[in-house]
Amino acid sequence: MTASSLTLQAENGIDRTARRAAFLHHGASILLLAVVGAVFAFPILWAAMSSLKSTDDIITGTYPLSWSSFVPLKATLENYVYLFSELNFQRNLLNTLIAACGQVSVAVITSSLAGYAFARLNFPFRDVVFGLLLLTAFVPVEAIIVPLYRIMHWLGLVSTYPALFLPFACNPFGIFLMRQAFRDIPVEMEEAARLDGASPLRIFFSIALPNVRPTLATLVLIQFIWSWNAYLWPLVIMQDPNKQIAQVAIANLKSIPNSPMDGPLFAAATAVTIPLVILSIVLQRYYVRGLVTSGMK
Amino acid sequence: MQPTTAPARKKRQWTGPNSNMILGPAMILPAVVALALFQYLPLITAVLNSLQSFSPFDQSSTGWVGLGNYSDIFADPAFRYALLNTFLYIVLMLALTIPLALLLAVLLDRRLPGTTWARNAVIGALAASEAVTALIWNQMYEPSSGLFNAILHAASLPTQPFLTGGSQALVSIVVMTVWKDVGLPLLIFLAGLQAIPRELHEAAQLDGANDWQIFRKITLPQLRPSIVVALFMVTITATRMFTPILIMTQGGPQGATTNLALYSYLQGFEFQSQGTASASVVCMLAVLAIVTLAQSYLLRGQQEK
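Residues numbered from 1 in each chain as written. Chains lettered and ligands numbered in written order. Predicted model: local features only at pLDDT ≥ 70, side-chain atom pairs only at ≥ 80, totals over all residues.

To keep things clear, this is the line we draw: UniProt positions are given in the numbering used here, feature names are shortened, and annotations may be inferred rather than shown by experiment.
Going by the annotation in an unreviewed UniProt entry, the name recorded for chain B is ABC-type sugar transport system permease subunit, with Aminobacter aganoensis given as the source organism. The Sequence similarities (unreviewed entry) comment attached to chain B in UniProt states, word for word, "Belongs to the binding-protein-dependent transport system permease family." Under the Subcellular location (unreviewed entry) heading, UniProt states for chain B: "Cell membrane".

In the nomenclature of an unreviewed UniProt entry, chain A is known as sn-glycerol-3-phosphate transport system permease protein UgpE of Aminobacter aganoensis. Quoted verbatim from the Subunit (unreviewed entry) heading of the UniProt record, the comment on chain A is "The complex is composed of two ATP-binding proteins (UgpC), two transmembrane proteins (UgpA and UgpE) and a solute-binding protein (UgpB)." UniProt's Sequence similarities (unreviewed entry) comment on chain A is quoted here verbatim: "Belongs to the binding-protein-dependent transport system permease family."

Below, the structure is given as structure tokens:
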């Protein structure tokens, strides 16, 4: 037994005692944390559980309260089978994916180009344009949806894939995020490249962009989640059921007269939500930074 | 784009007007086109449309009517309820979300067993979509077969109408939205808490301050910038609330949950009335502007004291 493993053991011992002390001292807080986690996780987990119950079980099994209100006692995959065979839900998922990829692409292009220009280049009206841009953070899409629809109609884009993401090509959040990231690169790096004779465009692609990779990851993730979850705009602009995105397709399951679709609804909600929730938790370093930076003007 | 001048002038080129007069504007061009076409054009259109009347058949303008659309909507009781409800949503959301987020942030700031679990759950709720979470909560709120009434029934408490009750529907929607969106101010507060120097707390503890005194005298003042940001964000979230209302109640019962966002949507797409839809949108933006201006005024006043 070497000295280092002995110290390791000792540290473990201390750690364990410290943890036990923490449990005793903070018992109430730890219990509270467990409850808080349960409250926030419950609805989504409950929906995932319910997706394994038949529609009849969901309707009759929840009330009055029993074990079957929470867990599928007769677990079945019939909702998923129905969803992916009868309802062709994979079609909607594919459409959501197309819209999200389109959104991510246009947002990355506009935000990184404009973010760099606002951070590093001097040109007339730069600050005026930037101010006008930030102002739109206060204008929610709900407020401009009627005229925006008319504009898309005029452009002949109603019920096309680009209509799902093109209107959100310029988003103040993304440009602000990229501008901050480019500003944080030491000017000396770009100076050195410039002295070596690199053009400003070359500097942008080979020095600036590679140095903001974590922020690009944040931007991609935030835009992807935002687009994946969009509901109102696709509902309005997409009138072709074959190109409709998943969120709207799920909500449509709620209102089918005389034929309750609760099982498939929970299955679709689970299929759309669980992967995204896992993604946001695994990549929370990027996700949280994006959310917090968006608020820090 | 390659600079061709002597090395001595390079510094001036970089920050000076020569090379960037073209590159700068070119790089913001895609963003500016999208900004003009999809943000400002609709916004200006909305303001102009609110001053015109439209043919119900082909949606073409039939002339300027001044403030006619505004007097029309203010004469409509449904609009007045929507205006009132918009303020109600804002007040309730702020009153519930900000203190809860503050409380949870203080709880989550300490590294204890269970912190990760609670934080992950909050982030999960935040990342899930409004549409899906509204559908799930809609099932739980269901008066005859829903989970909440099953729990109330099992606890021998009277069951509730929730979304179908005129006085409960709006609060039910707010509760769901607080559950979903409290994560955003919470994460802002957590970032703010982590920026507070530990020495401040330790010094106060040495001086014999208790937890509440430390929170009041150190944590809250230090968190001030984060609180200002969170107030603005929650105000915007509350003013634009739409998807949960459309999915859970469609604005009912009897308009009890309709806000200006839903009212203008219904005017524009259900009743095909562009003039009144635009006028109510302008009112919604006015509410947002008034509330945020009032907030910044009040908060500035407090700082000067």
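## Focus: the overall build of chain B
What counts here: Runs of H or I in DSSP of at least four residues are treated as helices and runs of E of at least two as strands, each being numbered from the N terminus. Radius of gyration: over C-alpha atoms. The globule rule applied is 2.2 Å multiplied by the number of residues raised to the 0.38 power. Working definition of burial: number of other C-beta atoms within 10 Å of the residue's own, with buried at 20 or more, exposed at 12 or fewer, and partly exposed in between, all C-beta atoms being placed from the backbone. With C-beta atoms placed from the backbone, a contact is any residue pair whose C-beta atoms sit within 7 Å.
When you go through chain B residue by residue, the secondary structure sums to 14 helices and two strands. The C-alpha radius of gyration computed for chain B amounts to 25 Å, which surpasses the reference 19 Å derived for 305 residues by more than 25%, pointing to a less compact arrangement than a globule. The C-alpha extent of chain B, read off along each of the three principal axes, is 85 × 75 × 40 Å. For chain B, the proportion of its 305 residues judged to be buried stands at 44%. The long-range share in chain B, meaning contacts at least 24 apart out of those at least 6 apart in sequence, stands at 66%.

## A short note on the interface of chain A and chain B
Heads up, the condition is: Polarity classes work like this: nonpolar for Ala, Val, Leu, Ile, Met, Phe, Trp, Tyr, Cys and Pro, charged for Asp, Glu, Lys and Arg, and polar for all others, with Gly in that last group.
Taken residue by residue, the interface counts 78 residues in chain A and 87 residues in chain B. It is helix 2 (residues 27-50) of chain A that provides the largest number of residues to the side of chain A that touches chain B, a total of 12 residues. Of the residues belonging to the side of chain A that touches chain B, the class tally is 58 nonpolar, 15 polar and five charged.

## Observations concerning the UniProt feature "transmembrane region" (unreviewed entry) in chain A
All names here are of chain A. Residues annotated in UniProt with the feature "transmembrane region" (unreviewed entry) correspond here to residues 21-46, 93-116, 128-149, 161-182, 203-226 and 265-288. Helix makes up 100% of residues 93-116 and strand 0%, and the two end C-alpha atoms of the span are 34 Å apart. End-to-end, the C-alpha atoms of residues 161-182 are 31 Å apart, and along that stretch the chain is 73% helix and 0% strand.

## Examining the environment of A:Ile281
With respect to the element layout, A:Ile281 can be found in helix 15 (residues 262-282). By the C-beta count within 10 Å, which is 16 here, A:Ile281 ends up partly exposed. The spacing of A:Ile281 and A:Leu83 is 198 residues in sequence and 26 Å in space, taken between C-alpha atoms. If we skip the residues at most four places from it in the chain, A:Ile281 touches B:Asn120, B:Ile123 and B:Gly124.

## Quick look at unusual backbone geometry
Residues and elements named next belong to chain B. Note the cis peptide between Gly252 and Pro253, where omega equals -10°. Take Pro253: it is sitting in the loop between helix 12 (243-248) and helix 13 (260-270). Phi is positive for Ser156, close to 60°, though the residue is something other than glycine. Examined against the element boundaries, Ser156 turns out to sit in the loop between helix 7 (147-154) and helix 8 (169-181). At Gln250, a position not held by glycine, the phi torsion is positive, near 50°. Tracing the backbone shows Gln250 in the loop between helix 12 and helix 13.

## Focus: the domain arrangement of chain A
All names here are of chain A. Threshold: What counts as a domain boundary in this text is fixed by an automatic or database domain assignment.
When its domains are assigned, chain A resolves into domain 1 (3-81) and domain 2 (84-295). Distance from the C-alpha centre of domain 1 to the C-alpha centre of domain 2: 33 Å. Tallying the contact residues gives 13 residues for domain 1 and 14 residues for domain 2. Of all the elements in the fold, those that place two or more residues in the side of domain 1 that touches domain 2 are helix 2, helix 3 (55-61) and helix 4 (78-85). In terms of residues, the side of domain 1 that touches domain 2 owes the most to one element, helix 2, which gives four residues. Of the residues that constitute the side of domain 1 that touches domain 2, the class distribution is seven nonpolar, five polar and one charged.

## Details of helix 14 (residues 246-254) of chain A
With respect to burial, helix 14 of chain A is a largely interior element, seven of its nine residues being buried. Buried residues of helix 14 of chain A: A:Ala246, A:Gln247, A:Val248, A:Ala249, A:Ile250, A:Ala251 and A:Leu253, and no others. Contacts from the buried residues of helix 14 of chain A go to helix 5 (89-120), helix 12 (213-229), helix 13 (232-237) and helix 15 of chain A together with helix 6 (130-141) and helix 12 of chain B.

## Points about the UniProt feature "domain: ABC transmembrane type-1" (unreviewed entry) in chain B
Feature annotation in UniProt assigns "domain: ABC transmembrane type-1" (unreviewed entry) to the following positions: residues 83-294 of chain B. As annotated, residues 83-294 of chain B has a helix share of 76% and a strand share of 0%, and its two end C-alpha atoms lie 17 Å apart.

## Topic: the UniProt feature "domain: ABC transmembrane type-1" (unreviewed entry) in chain A
According to UniProt, the "domain: ABC transmembrane type-1" (unreviewed entry) feature falls on residues 93-287 of chain A. In the segment residues 93-287 of chain A, helix accounts for 76% and strand for 0%; the C-alpha atoms at its two ends are 22 Å apart.

## Observations concerning helix 5 (residues 115-127) of chain B
We apply this condition: In this scheme, a helix's expected span is set at 1.5 Å multiplied by one less than its residue total.
Between the first and last C-alpha of helix 5 of chain B there are 18 Å, a value that for 13 residues agrees with the 18 Å anticipated at 1.5 Å per step. When we look at burial in helix 5 of chain B, the residues that qualify are B:Ala118, B:Arg119, B:Ala121, B:Val122, B:Ile123, B:Gly124, B:Ala125, B:Leu126 and B:Ala127.

## Quick notes on the confidence of the model for chain A
This is how the line gets drawn: The score called pLDDT rates the predictor's confidence residue by residue, from a low of 0 to a high of 100.
Averaged over every residue, the pLDDT of chain A is 87; residues scoring 70 or more account for 93%. In this model, residues 1-8 of chain A is a region of pLDDT below 50 whose contacts with residues beyond four sequence positions or in other chains number one contact.

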